[in-house]
Amino acid sequence: MTTTISGFDYQRVPVADGVSLNVAVGGSGSPIVLLHGFPQTHLMWRHVAADLAADHTVIVPDLRGYGASDKPAEDGPDTYSKRTMAADIVALARALGHERFALAGHDRGALVAFRAGLDHPDTITHLASLDVLPTLEMWDAMHGVSAAVGFHLFLMAQPPGLPEQMIAATADAFFGHFLDVWGADPEAIPADVRAAYLDACRAAVPSIVADYRASAGIDIEHDQADRDAGNQLRMPVTVLQQDWGAALGFDARALWSAWAPDLVHGTVDYGHFMAEQAPAEIAKTLRELMDR
């Protein structure tokens, strides 16, 4: 089973009290950290990471609560807040010898990257977000019957207990649903990688739900505080996303511009799992970002 990125070294790195992250590291040069989305692990970056390793140090962790990283029990709203998860990534890079680094995230990882950019502006040199809106804008966009596409957001926003029980009872069907309906090219996620994703998610239901629950609570509070204070992402930012705005009725570029004055925004047709469906294009985009 393909559970590692070929040519990368693996280690476990302590990043917080009782929490270590599984991380793959390869290449040499200026550092970039790649953060995965849902329902995936660091493996989603396997093609892009191998490409970027030709001229960059590439750091590819499993997020707290996902993959082979530690999954602390949710003992309050901070455990899986994006602020906490972003601090993990800064601590990880520092432990590997990098005080400043570029950061790219997909889906859930993009929300962690967004928070890292706001909380650690002197650490994050460049920021890329793939196929997500910031948390405040995401919830604002989810209204009417069109919000049915995001049913999982509402399910996992519920108090602890029922969501975990429901998802655990049908884990492969639940997580497999998103791998099926969000992908534009079924061959982009081969059977062994799909099996690795499902295995990882099946073993992480409580922490995955806790991650999503935080985005319906404490993450909103943190983002609203930054909006009220007029805080923005100071570094060059690149955003790629599908044309969700056409379906849900929002202007994605305008929403992102309010957060990121130095913005390059693109609408693509690669499908949600774009790092696996169009890895050469994503690697090119990240190199262009780091050249800004």
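It should be noted that the structure appears before, not after, this text.
Since the structure is predicted, the reported quantities are computational estimates derived from the model, not experimental observations.

Student: Give me the lowdown on the overall build of the chain, citing residues and values where you can.
Tutor: The number of helices and strands found in the chain is 14 helices and 8 strands. The globule rule puts the C-alpha radius of gyration for 292 residues at 19 Å, and the 17 Å found for the chain is close to it. When its C-alpha atoms are laid out on the principal axes, the chain stretches across 45 × 45 × 40 Å. If you take every contact in the chain between residues at least 6 apart in sequence, the share linking residues at least 24 apart comes to 76%. Only carbon and sulfur atoms are counted for the fraction: they give 54% of the accessible area of the chain, which is about 11,300 Å². For the chain, the distance from the average position of its 19 positive side-chain charges to the average position of its 38 negative side-chain charges is 3 Å.

Student: Can you break down helix H2 (residues 82-95) residue by residue, with the values?
Tutor: For H2, with 14 residues, the first-to-last C-alpha span of 20 Å sits near the 20 Å given by 1.5 Å per residue. In terms of burial, H2 is a largely internal element, 10 of the 14 residues being buried. Residues of H2 that are buried include every one of Lys82, Thr84, Met85, Ala86, Asp88, Ile89, Val90, Ala91, Leu92 and Ala93, and no others. Note on H2: the residue one or two positions beyond its end, Gly97, has a positive phi of about 100 degrees.

Reading guide: rules and limits
- Residues numbered from 1 in each chain as written.
- Predicted model: local features only at pLDDT ≥ 70, side-chain atom pairs only at ≥ 80, totals over all residues.
- Heavy atoms only, no water.
- Helix = DSSP H or I, 4+ residues; strand = E, 2+ residues; numbered from the N terminus.
- Rg over C-alpha atoms; globule rule 2.2 N^0.38 Å.
- Contact = heavy atoms within 4.5 Å.
- Areas by Shrake-Rupley, 256 points an atom, 1.4 Å probe, with all protein chains shown as cover.
- Lys, Arg positive; Asp, Glu negative; His and termini not counted.
- Charge placed at Lys NZ, Arg CZ, Asp CG, Glu CD.
- Expected span 1.5 Å × (residues − 1).
- Buried < 20%, exposed > 50% of the residue type's maximum accessible area, 1.4 Å probe, protein only.

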